[in-house]
Amino acid sequence: MTQATAIIADDEDLQRLDLKRMLNAIWPELQIVAECEDGGDALDAIVKLQPDIAFLDIRMPEINGLDVARASDGKCRVVFTTAFDNHAIEAFKLGAIDYLLKPITDDRLRQTIERIKQQL
């Protein structure tokens, strides 16, 4: 299998850095190809870089994570990371692999990574 690639999109610096740290520890082979602060940058990164996975916060400036997933139209696998549980049904209707509630735990992220690896 070739090296998997991902983007992380979250408007909160600490949340973005924490997820990157966790991913590096749990899945060191994963290559983070972009870190985005808003939905517009996330959508641009998906189109230009064609990552295997997008870790998307739901509430972001410019374009929210749900709209990014909708606009990316299946170009990559999507995992939502959010503090809000009320968007889960819509997220799964959009084909999300998983829906991680913040604060994300190592065990929960491991489950998501296993799910992603099975699809890759």
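Sequence order sets the numbering: in each chain, residues are counted from 1 along the sequence as written. Predicted model: local features are reported for residues with pLDDT of at least 70 only, side-chain atom pairs are reported and counted for 80 or more only, and whole-chain, interface and lining totals are derived from all residues. Values shown for side chains rest on all heavy atoms present in the structure; no hydrogens or waters enter the calculation.

1. Details of the sheet that holds strand β5 (residues 98–101)
Formally: Pairing between strands is defined by DSSP: at least two bridges between them are needed. Helix numbering and strand numbering both begin at the N terminus, where a helix is a DSSP run of H or I of at least 4 residues and a strand a DSSP run of E of at least 2. An axis is simply a line fitted to the C-alpha atoms; with a helix, the fit covers only the stretch in contact. Between two such axes, the angle follows the N-to-C directions and lies from 0 to 180 degrees. Residues count as neighbours in contact if any of their non-hydrogen atoms are within 4.5 Å of one another.
On the basis of which strands lie adjacent, the open sheet formed by five strands has the order β2-β1-β3-β4-β5 and parallel pairing. Each edge of the open sheet carries a strand with a single partner, namely β2 (31–36) and β5. For this sheet, the mean angle separating the axes of adjacent strands, direction not counted, is 20 degrees. Bridge analysis of strand β1 (residues 5–9) against strand β3 (residues 53–57) gives four bridges, and the strand direction is parallel. Of the residues in β3, the one forming a bridge with A9 is L56. Sheet contacts for helix α1 (residues 13–26): β1, β2, β3 and β4 (77–82); angle to β2, the most-contacted strand, approximately 175 degrees.

2. Let's talk about the pattern of salt bridges
A side chain of one charge can pair with a side chain of the opposite charge when the charged atoms of the two come close. Note the cut-off: Definition used for salt bridges: Asp or Glu carboxyl oxygen within 4 Å of a side-chain nitrogen of Lys or Arg. Note on exposure labels: buried denotes an accessible area under 20% of the residue type's maximum, exposed denotes more than 50%, and partly exposed covers the range between, all computed with a 1.4 Å probe on protein chains only.
One pass over the full model with this rule turns up 11 salt bridges. Taking the shortest distance from any N to any O, the salt bridge between R70 and D67 comes out at 2.4 Å. Highlighted residues: R70 and D67, both in helix α3 (residues 65–72), separated by three residues, approximately one helical turn. R70 sits in the partly exposed class, given a relative accessible area of 38%. Between D98 and R108 there is a salt bridge, with the nearest N and O atoms lying 2.6 Å from each other.

3. A few points about the state of the cysteines
Operational definition: In this description, a disulfide is simply a cysteine sulfur pair whose atoms lie within 2.5 Å.
Tallied over the entire structure, the rule returns zero disulfides. Cysteine C36 shares no disulfide, and the gap to the nearest cysteine sulfur, in C76, comes to 11 Å.

4. Examining the environment of T81
Within the secondary structure, T81 sits in strand β4. With a relative accessible area of 1%, T81 lands in the buried category. Residues in contact with T81, not counting those within four places in the same chain, are D10, L19, F55, L56, D57, I58, L100, K102 and I104.

5. Comments concerning the pairing of β2
Here is the rule we go by: Orienting the strands away from the viewer, one traces the path from the first strand over the helix to the second; a clockwise path indicates a right-handed crossover.
Relative to β2, β1 is paired through five bridges, and the arrangement is parallel. Each bridged residue has a counterpart across the sheet, and for I8 the counterpart in β2 is E35. In the classification by handedness, the crossover that spans β1, the intervening α1 and the parallel β2 is right-handed.

6. Things to note about the packing of helix α2 (residues 39–49) against α3
Threshold: Small angles under 35 degrees read as roughly parallel and large ones over 145 as roughly antiparallel, with 65 to 115 read as roughly perpendicular and the rest as oblique. In a left-handed crossing the near helix is turned counterclockwise from the far helix by less than a right angle, and in a right-handed crossing that turn is clockwise.
Running from N to C, α2 and α3 cross one another at 25 degrees; their axes reach a closest spacing of 9 Å. One way to sum up the angle between α2 and α3 is to call them roughly parallel. For the crossing formed where α2 meets α3, the hand is right-handed. Every residue of α3 that contacts α2 at G39, A42, L43 and I46 is listed here: V68, A71 and S72.

7. Remarks on the pairing of β5
Where β4 meets β5, four bridges bridge the pair, whose relative direction is parallel. Pairing of V79 across the sheet is with D98, part of β5. With helix α4 (residues 88–93) bridging β4 and its parallel neighbour β5, the resulting β-α-β unit is right-handed.

Distances and angles like these do not, on their own, reveal function.
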